[in-house]
Structure formats: structure tokens, C-alpha cells
Amino acid sequence: MMPARHFISLLDLSGDEFRNLIARAIYLKNNRDPDFQPLKGKVLAMIFEKSSTRTRVSFEAGMAQLGGSALFLSPRDTQLGRGEPLSDSAKVISSMVDCIMIRTYDHATVEIFARHSHVPVINALTDLLHPCQLLADMQTYFELKGNIAGKTVCWIGDGNNMCHSYIHAAYLLGFKLHIATPNDYQPDNSILELADERVQLFSNPEQAAVGADLIVTDVWASMGQEEEQKQREKAFKTYQVNDLVMAKANENAIFMHCLPAHRGEEVTATVMDGEQSVVFIEAENRLHAQKALLEFLICA
Ligand code: CP
Ligand code: NVA
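Residues numbered from 1 in each chain as written. Chains lettered and ligands numbered in written order. Predicted model: local features only at pLDDT ≥ 70, side-chain atom pairs only at ≥ 80, totals over all residues. Heavy atoms only, no water.

Caption draft 1: Here's a closer look at the overall build of the chain. A tally of helices and strands in the chain yields 12 helices and 9 strands. Over its C-alpha trace the chain gives a radius of gyration of 19 Å, about what one expects of a compact globule, namely 19 Å for 300 residues. If you line up the chain on its principal axes, its C-alpha atoms span 55 × 45 × 35 Å. The burial tally for the chain puts 55% of its 300 residues in the buried class. Across the chain, contacts joining residues at least 24 apart in sequence account for 73% of those joining residues at least 6 apart. Accessible surface, the chain: about 13,100 Å² in total, of which carbon and sulfur atoms supply 49%. In the chain, 27 side chains carry a positive charge and 38 a negative one; their mean positions are 3 Å apart. (Helix = DSSP H or I, 4+ residues; strand = E, 2+ residues; numbered from the N terminus. Rg over C-alpha atoms; globule rule 2.2 N^0.38 Å. Buried < 20%, exposed > 50% of the residue type's maximum accessible area, 1.4 Å probe, protein only. Contact = heavy atoms within 4.5 Å. Areas by Shrake-Rupley, 256 points an atom, 1.4 Å probe, with all protein chains shown as cover. Lys, Arg positive; Asp, Glu negative; His and termini not counted. Charge placed at Lys NZ, Arg CZ, Asp CG, Glu CD.)

This is how it looks when you write it as C-alpha cells:
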């Protein structure tokens, strides 16, 4: 049996495969055909250890639209929550379904699952990475602005899972990435190791935004960091995407946020709901980008 092709990190794709997925996602979005059912009879198991709106709805709707179906599995109701080894669970679940999607805390959980799964495993967010969101973000950029190679993206806020996946995307698609974080919240060294001269670290958000074609941010406290909320509010106070930051960017720059957003914290309502914001196109594109991903992994 051929080993399954997993999507644990964007680095599981080549640059060409990433660009092809983006093109395919744009095609699927613009050519909706209810008779196109390449995943007829196929089943996706979705394991969620953390909350989700976009990821759950987009994977479930995407499977249904391509002719397949999806199962929602919560550790609360499965033996995963009672300590059954990940390796055993992966062998069992993958013997019954065609693809497995996992959202969890520890990145190693997804890696262990993938090692023992006979079918493709998709990382639907870990504390380290959020590669599915980058498929949608990059689809959105290509759709609205064209090729991102050589452009400048500015990340403002926490050096978190989203920021790490942006570093991977910069590497694969060839854009410049300015990252403005407080000193104690820089991206992991393990991820930065990959970054070359394309990635530049800043401590001042307005300086980082100069010349940007895309400004991106995310929540100050991610899922699992709720107890740090107060301390993070202090540390990130000046790391907000507001009108002053947007004014430093290129005139036709766009704003993205993976959502959910906290207006008044990492982004002002004026930016979030303003003309440069494309956050709801970005959210919808989770559906189209993941349909392209499911087709790529399951039909391969
Ligand atoms: N952006 C994102 O992954 O949203 P959910 O947490 O709602 O899935
Ligand atoms: N960084 C956020 C992203 C949510 C989609 C989190 O991990 O909670």
C-alpha cells in the first residue's frame, strides 16, 4: 500500500502544488456544479479538540458538495478523550474512512496520528500551525490582486500558529514578510530557521506596515491561552491594526484576519469593517480552498 499523502504543514506541498491548489480553489468557486461529485461515497472524519465555526462548516459542507460526507468526532464522546492511544485510534479510524482532519493543541498529536494512519491526515490547526487558513488567505490574495510573489505582507501581533504558517507561505510563494511582535512573542526559532532574507522582524507595527500590500493580524490570546488574556492585553496594547497602521501600507493594500476577531483589541472596527478588509471573502474561501485540498489528497 502506498503511504498516504498528509497535509500537516504547508511544507508538505511544493510551491507548484500550492499554486495549483490555489488555482483549483478559484476554479471550483467560479464553476459550481452539483453534478461534480469526485468524492462520492468518501468519508472524512473530523476530530476537534478545540472549538471551531469556519473549519467545521467548511470541511463538512465541502465534503457534501463533492458527493461525500463528514463525521464530527469530539474527544468528549470518543475513546480519544478516555486515553486510548493515538496510534491505535489512528489505525482504527483510518481503516473506516478516506481522510482524517484534526484540530488539536499539541502539534505532535497530528504527527503521531499521521504516522499511524492509512489515509491522508489534515492539520486543521495546532498550537504550532494553521496551514488550511493559509490556503484560503492565499486564494483570496490571488483572486483579488494576482500573484503574491515579490509583494510585501505585514503580520502584526502574536508570533503564533497563523504567523508560523505565514512564514511557510512566504518561503513557498516568494513574498516578503514583515513581522511586528512584542519581544516576548516572536515566532518560534524552529520556524524562523527556515526564514531567509524574505522575513524581517520588527517591534514597531507602523514601521512594519510601510510598503505592505497585505496587512494581517490575529487574536492576542489563542485557544488554550485564555488564562493569559489579561497579561497579553498589556503586552499587545500597541499591536493593533488601526487606521494609522493601514495608512502606512500601500494605498491599495488589503486587510485579512482568520477570524474570530476581537474589535477594539487586535483590530479596530474601522479597519475590520472598512473598505480594505476582505475578511469575509477570506472566510468563505476556506470552503473552496479545502475542497481543492480534499480532491487533491483523496483522489490522488
Ligand atoms: N479561522 C478559523 O480557523 O476559524 P474557526 O476557529 O471558526 O474554525
Ligand atoms: N491563533 C488562533 C487562530 C484561530 C483560528 C487560535 O489558535 O486560537
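Caption draft 2: Spotlight on the layout of surface pockets. Its volume calculated, the largest pocket comes out at about 640 Å³. Lining the largest pocket we find 38 residues, and of these Leu 125, Asn 161, Val 219, Ser 222 and Met 223 sit closest to its centre. Taken together, the elements giving at least two residues each to the lining of the largest pocket come down to helix 2 (54–65), helix 6 (161–173) and helix 9 (229–236). The class makeup of the residues in the lining of the largest pocket is 11 nonpolar, 16 polar and 11 charged. (1 Å grid on protein atoms, 1.4 Å probe; cavity = no way out; pocket = protein on both sides within 12 Å on 5 of 7 lines; lining within 4 Å. Points joined across faces, edges and corners; volume = space filled by probe spheres on them. Nonpolar A, V, L, I, M, F, W, Y, C, P; charged D, E, K, R; others polar.)

Caption draft 3: Here's a closer look at the confidence of the model for the chain. On average, the chain scores 97 in pLDDT, and the residues at 70 or more come to 100%. No element of the chain has a lower mean pLDDT than helix 7 (residues 189–192), which averages 94, and none a higher one than helix 5 (residues 131–145), which averages 99. (pLDDT = per-residue confidence, 0-100.)

Caption draft 4: Looking closely at the site of ligand 2. The full set of residues close to ligand 2 is Leu 125, Asn 160, Asn 161, Asp 218, Val 219, Ser 222, Met 223, Cys 258 and Leu 259. At 2.7 Å, a side-chain N or O of Ser 222 approaches a nitrogen atom of ligand 2. Here an oxygen atom of ligand 2 sits 2.8 Å away from a polar atom, N or O, in the main chain of Met 223. Contact with the protein chains covers 94% of the free accessible surface of ligand 2, which is 270 Å². One can see that ligand 2 is located within the largest pocket. When grouped by side-chain class, the residues that make up the shell around ligand 2 number 5 nonpolar, 3 polar and 1 charged. (Near = heavy atom within 4 Å. Polar contact = N/O pair within 3.5 Å; in protein donor to acceptor, adjacent residues only side chain to side chain. Sits in = over half its atoms within 2 Å of the grid points.)

Caption draft 5: Up close: the site of ligand 1. If you check the shell around ligand 1, you find Ser 52, Thr 53, Arg 54, Thr 55, Arg 103, His 130, Gln 133, Cys 258, Leu 259 and Arg 286 and nothing else. Thr 55 is positioned with one of its side-chain polar atoms (N or O) 2.7 Å from an oxygen atom of ligand 1. Contacts to ligand 1 include Cys 258, whose backbone N or O atom sits 2.9 Å from a nitrogen atom. Looking at the shell around ligand 1 residue by residue, the class counts come to 2 nonpolar, 5 polar and 3 charged.

Caption draft 6: Focus on the pattern of salt bridges. Counted under the stated rule, the structure contains 11 salt bridges. Across the salt bridge formed by Glu 284 and Arg 32, the nearest N and O atoms sit 3.2 Å from each other. In this pair, Glu 284 is assigned in helix 12 (residues 279–298) and Arg 32 in the loop between helix 1 (15–30) and strand 1 (43–48), connecting sequence segments 252 residues apart. By relative accessible area, Glu 284 is classed as partly exposed at 36%. Two residues, Arg 232 and Glu 228, come together in a salt bridge whose shortest N-O distance is 2.8 Å. The class of Glu 228 is partly exposed, set by a relative accessible area of 29%. A network of salt bridges, in which partner residues are shared, links Asp 158, Glu 228 and Arg 232. (Salt bridge = Lys/Arg side-chain N within 4 Å of Asp/Glu carboxyl O.)

Caption draft 7: Local environment of the pairing of strand 6 (residues 176–180). Buried residues dominate strand 6, accounting for 4 of its 5 residues. Where strand 5 (residues 152–156) lies against strand 6, 5 bridges are found, and the strand directions are parallel. The residue bridging Ile 156 from the neighbouring strand is Ala 180, located in strand 6. Taken together, strand 5, helix 6 and strand 6 constitute a β-α-β crossover, and its handedness is right-handed. As defined by bridge partners, strand 6 adjoins strand 7 (residues 199–202) across 4 bridges and the pair is classed as parallel. Looking at strand 7, one finds that Ile 179 is bridged to Leu 201. (Pairing = 2+ DSSP bridges. Right-handed = clockwise from strand over helix to strand, strands pointing away.)

Caption draft 8: The sheet that holds strand 5, seen in detail. Ordered in space as 7-6-5-8-9, the 5 strands form an open sheet in which the pairing is parallel. With one partner strand each, in any of the chains shown, strand 7 and strand 9 (254–257) form the two edges of the open sheet. Sheet twist, expressed as the mean angle between neighbouring strand axes with direction ignored, is 20°. Relative to the sheet, helix 5 contacts strand 8 (214–217) and strand 9, its axis offset from that of strand 9 by approximately 160°. (Axes fitted to C-alpha atoms, helices over the stretch in contact; angles between N-to-C directions.)

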